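Examining the three-dimensional arrangement
Chain by chain, the residues run as shown.
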Amino acid sequence: MTAAPLLRIRGLRKSFGSNVVLDGVDLDVAESAVTVLLGPSGSGKSTLLRCINHLEKLDAGFVEVGGEIIGYRYDRHRLHELSPSAATRQRARIGMVFQQFNLFPHMTVLENIVEAPIAVARKPRNEAVAQARELLDQVGLAGREDSYPRQMSGGQQQRVAIARALAMEPRLMLFDEPTSALDPELVGDVLAVMKDLAVSGMTMVVVTHEIGFAREVADSVVFLDGGRILESGPPDEVLAHPRNDRARAFLTAVL
Amino acid sequence: MTTSRTFDDVAGAALPAPPERESDANLLAAKVVPRRRPGQWAAAAVVLVLVAMVVNTLITNPRFQWDVVAAYFTEASILRGLLLTVWLTAAVMACGYLLGIVLAVMRLSSNPVLRMISFGYVWLIRSVPPLVQLLFWYELASLYPQLSLGIPFGPSFVTVPTAHLFTGLLAAFVGLMLDVGAFSAEIIRGGLLAVEKGQTEAAQSLGLSGRRIFRRIVLPQAMPAIIPASGNLLIGMLKATAIVSVIAVQDLLYSAQLIYNQNFLIIPLLLVATIWYIVLTTLLSIGQYFVERHYARGSARGGGGPGFWQIIRGNLPLFGRTTPAGLS
């Protein structure tokens, strides 16, 4: 762990009106590491994730991915918000998977996946299509190129969403409760794809309530409540022997 | 022994005898007969008689002068008027919708000045009857004898006298276009708001640019909400172009009026215009159906909806025992 972490967050603060959602968050995620964010609803997990690819503006602090400050440019003691096109360029290398999948319903599975590689990464169409077919195979959906999202189950849609994010060859993947909107019997397929991804060396930050996934796959588990990190460390430490009272209460409730 | 009846006797007397039960075999073999609906037949008969009466007067009343209608139906000046109505509608709708998109985007922007301007424009234009607007533009020369392009309160670069600029046709085009802009802005805004925010966020997280997100992700998904109302607006505008006849623009109606002002065959010539309006509206309705079907791609109804002829058949009496469906 001598190399600089791929993701560095320092002093991150964010409030919506008078509601303080993130109250000084520091977090490091090493290259190829999987970090799981746990915490009760309203604890700021999703907001933290959305700050990492600048879907939310920050009130203070900074987020750095690969040594590059996300969403802002430092100049003479000020952090200037980047232009939309510059922020867009940064986002292209940070993949995000949403709770509600957010596939584009008017496009086929294939069109969903090749849209960004062609439009943003300027890949030739045939290359993008070939890559999309490989990714579909990887998430266990070979042959479903021409389906529309609404013709698929939630679990299948979420796996397409993962393939769509991977098509941009991200160096960091963010998962915002990827299995919370799924029927219980469909959760396993999505988690299996995520586990394969972790094994292949992808750097991942995952907000989830799947404690089993955290225990099995995570390199570190972070417990948030009230916009602060109350506990973090390897999963067997945090999950089995939480030192913080609130973390212990939460884990007893969800386990 | 009447006073000492057993419980069974009492129960047996109070309850009616159970009906004789049909055997399962008979029930299974029975044909299912739908409920008779005599009221439906009676209502249909009454309406058909009324329709027959209307058709009868249309055919037998000589004052409709159908022969005159037929003679003038393809008269050169009528066809010229028809052409003007069609292309004025097309131009007004095309430019009006471009304006509407800009106004809708302004209204949804984070810039409070743009929001207020868009709101104010829509409020003003919707408050003034199109006929009054038309007259305003037509009379613009008396309000502004010349138009200049330049710096406000500073020098001007180009100056044009309005008397030559605002002919009846241009006044008609500008007035109606501004009107369509205001109404289409509201239709488009509603459609854009119907698209979930998650769609934009997903597109942003893939690194798509703002313009591409609007064009490829948001607008196509807003279309199913925009098209039915736009079809209404288009058909309404096709007919509303008839008001340009008050400023002597030779559209379909005014062409008919010019003829009947000379020969006093008022009713037949109004019928000529009416039939052409019906023909155009029918063509537009058919077009709308196919556009709607195109944008239903990927929706739950996509492909599974009723076909074009199914809808026609379903609404015809005698053929249609299916559920009536509308062209919406």
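Heads up: these notes are all about the structure in this document. (Residues numbered from 1 in each chain as written. Chains lettered and ligands numbered in written order. Predicted model: local features only at pLDDT ≥ 70, side-chain atom pairs only at ≥ 80, totals over all residues. Heavy atoms only, no water.)

Here's the deal with the layout of surface pockets
Residues and elements named next belong to chain B. Approximately 1,300 Å³ is the volume attributed to the largest pocket. If you go around the largest pocket, you meet 29 residues; those closest to its centre are L108, S110, K197, T200 and Q204. The residue inventory of the lining of the largest pocket, partitioned by class, reads 13 nonpolar, 8 polar and 8 charged. (1 Å grid on protein atoms, 1.4 Å probe; cavity = no way out; pocket = protein on both sides within 12 Å on 5 of 7 lines; lining within 4 Å. Points joined across faces, edges and corners; volume = space filled by probe spheres on them. Nonpolar A, V, L, I, M, F, W, Y, C, P; charged D, E, K, R; others polar.)

Looking at the interface of chain B and chain A
Contact residues are listed per partner, giving 21 residues for chain B and 24 residues for chain A. When the two sides are added together, the surface that chain B and chain A hide from each other amounts to roughly 2,000 Å², 57% of it contributed by carbon and sulfur. Sorting the residues of chain B by area buried against chain A places S205, L206 and G298 of chain B first, and these three jointly supply 29% of that buried surface. Remark: the boundary between chain B and chain A carries 3 salt bridges. R212 of chain B is paired through a salt bridge with E115 of chain A; the nearest N and O atoms lie 2.8 Å apart. Across the contact surface, chain B and chain A share 6 residue pairs in polar contact (both at pLDDT 80 or more). Listing elements by their share of the side of chain B that touches chain A, those giving two or more residues are α11 (197-205) and α12 (210-240) of chain B. At 8 residues, α11 of chain B tops the list of elements feeding residues into the side of chain B that touches chain A. (Contact = heavy atoms within 4.5 Å. Buried area = accessible area lost by both parts, 1.4 Å probe. Salt bridge = Lys/Arg side-chain N within 4 Å of Asp/Glu carboxyl O. Polar contact = N/O pair within 3.5 Å; in protein donor to acceptor, adjacent residues only side chain to side chain. Helix = DSSP H or I, 4+ residues; strand = E, 2+ residues; numbered from the N terminus.)

Some words on unusual backbone geometry
One non-glycine residue, H54 of chain A, lies in positive phi territory at about 60°. In this fold, H54 of chain A is placed in the loop between α1 (45-52) and β4 (60-65). Unlike most non-glycine residues, Q65 of chain B shows phi in positive territory, near 50°. Note that Q65 of chain B resides in the loop between α3 (38-60) and α4 (66-73). Residue classification places Q65 of chain B among the partly exposed residues on the basis of a relative accessible area of 27%. (Buried < 20%, exposed > 50% of the residue type's maximum accessible area, 1.4 Å probe, protein only.)

So, the side chain of S245 of chain B
Residue and element names in this part refer to chain B. Mapping S245 onto the fold places it in the loop between α12 and α13 (252-263). Residue classification places S245 among the buried positions, given a relative accessible area of 11%. Setting aside anything within four residues of it in sequence, one finds S245 in contact with D251, L253, Y254 and Q257.

Quick word on the environment of G17 of chain A
Residue and element names in this part refer to chain A. As for its placement among the helices and strands, G17 is situated in the loop between β1 (7-16) and β2 (19-29). Look at G17 and you get exposed, because its relative accessible area is 70%. Residues G17 and G140, 123 residues apart in the sequence, show an inter-C-alpha distance of 43 Å.

Topic: the pairing of strand β8 (residues 94-97) of chain A
Moving residue by residue along a regular strand, the side chains alternate between the two faces of the sheet. All names here are of chain A. Here β8 shows no split at all, with I94 and M96 on one side and G95 and V97 on the other all buried. Looking at chain direction, β8 and strand β9 (residues 172-176) are connected through 4 bridges and run parallel. By the bridge assignment, M96 is partnered in β9 with L174. (Pairing = 2+ DSSP bridges.)

Focus: the sheet that holds β1 of chain A
All names here are of chain A. An order of β2-β1-β4-β5 is seen for the 4 strands of this open sheet, with the pairing classed as antiparallel. Since the sheet does not close on itself, it has two edges, and those belong to β2 and β5 (68-69), each with one partner. With 5 bridges joining them, β1 and β4 adopt antiparallel strand pairing. Each residue of the ladder has a partner; that of L7, found in β4, is V65. In the packing of α1 onto the sheet, contacts are made with β1, β2 and β4, and the angle to β1 comes to roughly 120°. (Axes fitted to C-alpha atoms, helices over the stretch in contact; angles between N-to-C directions.)

Description of the nonpolar core
Generally speaking, soluble globular proteins have nonpolar side chains that are buried together. Counting residues in each nonpolar core, the largest one holds 82 residues, and the members touching the most others are L12 and V63 of chain A. Ranked by residues supplied to this core, first place goes to helix α10 (residues 168-193) of chain B with 13 residues. Excluding residues within four positions of it along the chain, V63 of chain A makes contact with L7, R8, I9, L12, C51, I52, L58, E68, I69 and I70 of chain A. Ranked by size, the runner-up nonpolar core spans 51 residues in total, among them L103, L136, F175 and L182 of chain A. (Core = buried A, V, L, I, M, F, W, Y, C linked by side-chain atoms within 4.5 Å.)

Thoughts on the packing of aromatic side chains
If you walk through the whole model with that rule in mind, you get 4 aromatic pairs over all chains. Ring geometry for F64 of chain B against W66 of chain B: centres 5.7 Å apart, planes inclined by 25°, an arrangement best described as stacked. Owing to a relative accessible area of 19%, F64 of chain B belongs among the buried residues under this scheme. Considering the side-chain rings of F73 of chain B and W276 of chain B, the 4.5 Å spacing of their centres and the 5° angle between planes classify their relative orientation as stacked. Remark: W276 of chain B occurs in helix α14 (residues 266-295) and F73 of chain B occurs in helix α4; sequence separation between them is 203 residues. Using a relative accessible area of 15% as the deciding quantity, one classes W276 of chain B as buried. The residue whose ring lies beneath R164 of chain A is F104 of chain A, and the NZ or CZ to ring-centre distance is 4.5 Å. (Phe/Tyr/Trp six-rings, centres within 6.5 Å; stacked < 30°, edge-to-face > 60°. Lys NZ or Arg CZ within 6 Å of the ring centre and 35° of its normal.)

Here we look at the sheet that holds strand β10 (residues 204-207) of chain A
Residue and element names in this part refer to chain A. Strand order across the open sheet formed by 6 strands is β8-β9-β10-β3-β11-β12, with mixed pairing between neighbours. In this open sheet, the two strands that pair with only one neighbour each are β8 and β12 (228-233). Strand-to-strand, the axes of this sheet are offset by a mean angle of 15°, without reference to chain direction. Of the pairings in the sheet, the one linking strand β3 (residues 34-38) to strand β11 (residues 220-225) comprises 4 bridges and is parallel in character. Following the sheet pairing, L38 is matched in β11 by F223. Across the sheet, α1 lies against β3, β8, β9, β10 and β11, angled at about 150° from β9, the strand it touches most.

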